[in-house]
Amino acid sequence: MKKITRKLATALLLVMAVTLSACAGKDTPDTPETPQTPAAEEKMFNPGTYEGVAKGFHGDIKLTVTVDEFKITEIVADHTETEGLGDNAIEQLIASAKEKNSLGLDLMSGATYSSEGFLAALEAALLKAGGDIEKLKVKADETETEKEDSVLDTEVAIIGAGGAGLAAAVSAHQNGAKVIVIEKMPNVGGNTIISGSAFNAVDEKRQSAQGIEDSIEKHYTQTYEGGDKQGDPELVRVLVENAYPTIEWLESLGMEFKDTVFTVLGALWPRSHKPIEPLGTGYINTYMNYINEHKDDIQILTETEAKELVVSAEGRVTGFLAEGNKGKVTVNASKGVIIATGGFGANVEMRDQYNKIWPTLTDIKTTNHKGATGDGIIMAEKIDASIVQMENIQLLPMGDPETGSLSGNIEQGVENRIFVNNKGNRFVDEGARRDVMTKALMQQENSSMWVIVDQHSYPTGDTVNNFNESIDSLVEQGRAFKADTLEDLAKQIGVEPENLKKSVEAFNDSVDGAKDEFGRTLFMEKIDTAPFYAGARVPTVHHTMGGIKITAETRVVDKNGKIIEGLFAAGEVTGGIHGANRLGGNALADVNTFGRIAGEKAAKNE
Ligand code: ADP
């Protein structure tokens, strides 16, 4: 089995970025001898080395930028952005800035704050170098006059390069197909790469070693009932039965998971698997490593947005039309098209259009990357696909107050932490369903709460959370608070010390077996050992459970219940698997499992 190190994966992503640029028909990198961009023909800078600093996601991004008269020759970055995500984004932006000799670069999806910080720091440095900032901000594509349309033929064509799309690409290839994947953002990964990464599966080996009893039937019942019995029983069954085989498949591709399972927020049971690599980078790196090894057969076009499905006179989907930065792209697929465009969590208009459950979603932030705009649902609906359960929009009570993202969350699994409101009182069973917790949070003052943990969650200051952020760094950035006593912690966060103490005492009694005031049943350690920590959280839009109706074989169904030939869908773009509420840890099980099935079915679809 091949072990993928983070460095190797990063290098591969970089290779990929350059390769993708070439695939997408962008300019090849300049060399000092042959300046190629229009900007490089005239004097642009005062040669020298300049510094620029700006705020990234985790503190300052400092760039040391070297320029000659015509172009940027070197950029060295000093930063503490998220490992495996923000740092990859910066490496890709450095490559693009040098290649394009420009500030007119697209933000990397899933790493918006890191990208913005990078561009602001680069702008500061280039300003010092005497650069014409307005001119440098013009995107390379906008300066090009000649557009070139292209027509591409393949066997399986996939729209969207997130978890489901890339799983489908690998699986389709393993089943003998030539594949093209298009992705509208400059980088692959979608919501999957920024996800918390937990993957639910009944796993005899890991669970029995931890003394955890579980069964496929239990996973089925919790998923089905946890979604208020609105999920399609057949699809739920496919999900729970194929989740563990999908973990084994990922492992066969080189992905590594930790030896122990845990209960991710809203999972209801300890069957959540955690990858070794941070966030969802493990999934994406695993698929990209495979794809990079089979470049002749699997082509990825980034910055290429699908607009419309093409249907033959017989009603079969034969391809799609897309818009690339160089012109229109027509993709013909002889075996099948797979829609894997993700959900619509970042499309406020669509959220408002379908929201029936929440008081309002208009001003609520999201954990999603900005490409999660529901395009696949809209395209499928135009050709009469059945769209189901669009009102089922999931919020989490765990958003960062500033960004809505999940990063900065100090909980380490469900069992060892409590939530208190601005008065210092608990208000909900913190092991409950996600919708139950979020609704309870929305009833608290400012819809805001504090997560409280102790040394059991962070034995040392450099222990990291699920986002690879050390607790010390979060405290330093003012995103978490640390104290030796609960009184002091309460004072720092502005809640009533007596209330906080009572809340913690009552929780500790429940750990000892007393009946919990809120009916909580998931416990492990008491909160009784200094240092104590607190972190603020607010509601955030996380997952859209509605979407395209599919069969167990991931075939898309039309409004009359008939299969649309040649069309498949997988991942968050589909609807009706999770019902009214998705269990924590079931999304990555869904995305990877159904992506894998879609790839196989499409490849075999003569
Ligand atoms: P899933 O978890 O279902 O795989 P993700 O959000 O991880 O969903 O990935 C979906 C991907 O699809 C994202 O990278 C997103 O940018 C991409 N995408 C969305 N709409 C389009 C489109 N119209 N054309 C090409 N790619 C798209």
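Computed from a prediction, not measured in an experiment: that's the story for all the values here.

Draft legend 1. Inspection of the pairing of strand β4 (residues 150-159) at higher detail. In the sheet, β4 pairs with strand β11 (residues 327-339) via nine bridges, with the strands oriented parallel. Looking across to β11, one finds that T154 is bridged to A333. In this region the chain leaves β4, passes through helix α6 (residues 163-174) and returns to the parallel neighbour strand β5 (residues 179-182); the handedness of that crossover is right-handed.

Draft legend 2. Expanded view of the site of the ligand. The full set close to the ligand counts 26 residues, and A164, E183, T192, D375 and E572 are the nearest of them. At a separation of 3.1 Å, an oxygen atom of the ligand approaches a polar backbone atom of G163. Measuring from an oxygen atom of the ligand, one finds a side-chain N or O atom of E183 at 2.6 Å. Summarising the interface, the protein chains cover 99% of the accessible area of the ligand, which totals 580 Å² for the free molecule. Contributions of two or more residues to the shell around the ligand are made by α6, α7 (190-193) and β9 (304-311).

Draft legend 3. Here's a closer look at the pairing of strand β20 (residues 563-569). Of all seven residues making up β20, five are buried, and the element is well covered by its neighbours. Sheet topology note: the β11/β20 ladder contains three bridges and is parallel. Residue V337 lies in a different strand from β20, and its bridge partner there is L567. As judged from the two bridges shared by strand β19 (residues 555-557) and β20, these two strands associate in the antiparallel manner. Residue pairing in the sheet places R555 in a bridge with F568 of β20.

Draft legend 4. The arrangement of the sheet that holds strand β2 (residues 60-67) in detail. The sheet built from three strands is open, its strands ordered β1-β2-β3 with antiparallel pairing. Looking at strand neighbours, the two that pair on one side only are β1 (48-55) and β3 (72-78), the edges of this open sheet. Pairs of neighbouring strands in the sheet enclose a mean axial angle of 20°, with direction left out of account. As paired elements, β2 and β3 share six bridges and run antiparallel to each other. The partner of T64 across the bridge, within β3, is V76. Most of the contacts of helix α2 (residues 86-100) go to β3, to which it runs at about 165°, and overall it touches β2 and β3.

Draft legend 5. Highlighting the environment of Q207. Looking at the element boundaries, Q207 is found in helix α8 (residues 204-209). Overall, the relative accessible area of 2% leaves Q207 in the buried class. Those residues in contact with Q207 that lie beyond four places of it in its chain are A201, V202, I212, D214, V261, W269, P270 and R271. At 2.8 Å, the side chain of Q207 forms a polar contact with the side chain of D214.

The rules behind these values
- Residues numbered from 1 in each chain as written.
- Predicted model: local features only at pLDDT ≥ 70, side-chain atom pairs only at ≥ 80, totals over all residues.
- Heavy atoms only, no water.
- Pairing = 2+ DSSP bridges.
- Helix = DSSP H or I, 4+ residues; strand = E, 2+ residues; numbered from the N terminus.
- Right-handed = clockwise from strand over helix to strand, strands pointing away.
- Near = heavy atom within 4 Å.
- Polar contact = N/O pair within 3.5 Å; in protein donor to acceptor, adjacent residues only side chain to side chain.
- Areas by Shrake-Rupley, 256 points an atom, 1.4 Å probe, with all protein chains shown as cover.
- Buried < 20%, exposed > 50% of the residue type's maximum accessible area, 1.4 Å probe, protein only.
- Axes fitted to C-alpha atoms, helices over the stretch in contact; angles between N-to-C directions.
- Contact = heavy atoms within 4.5 Å.

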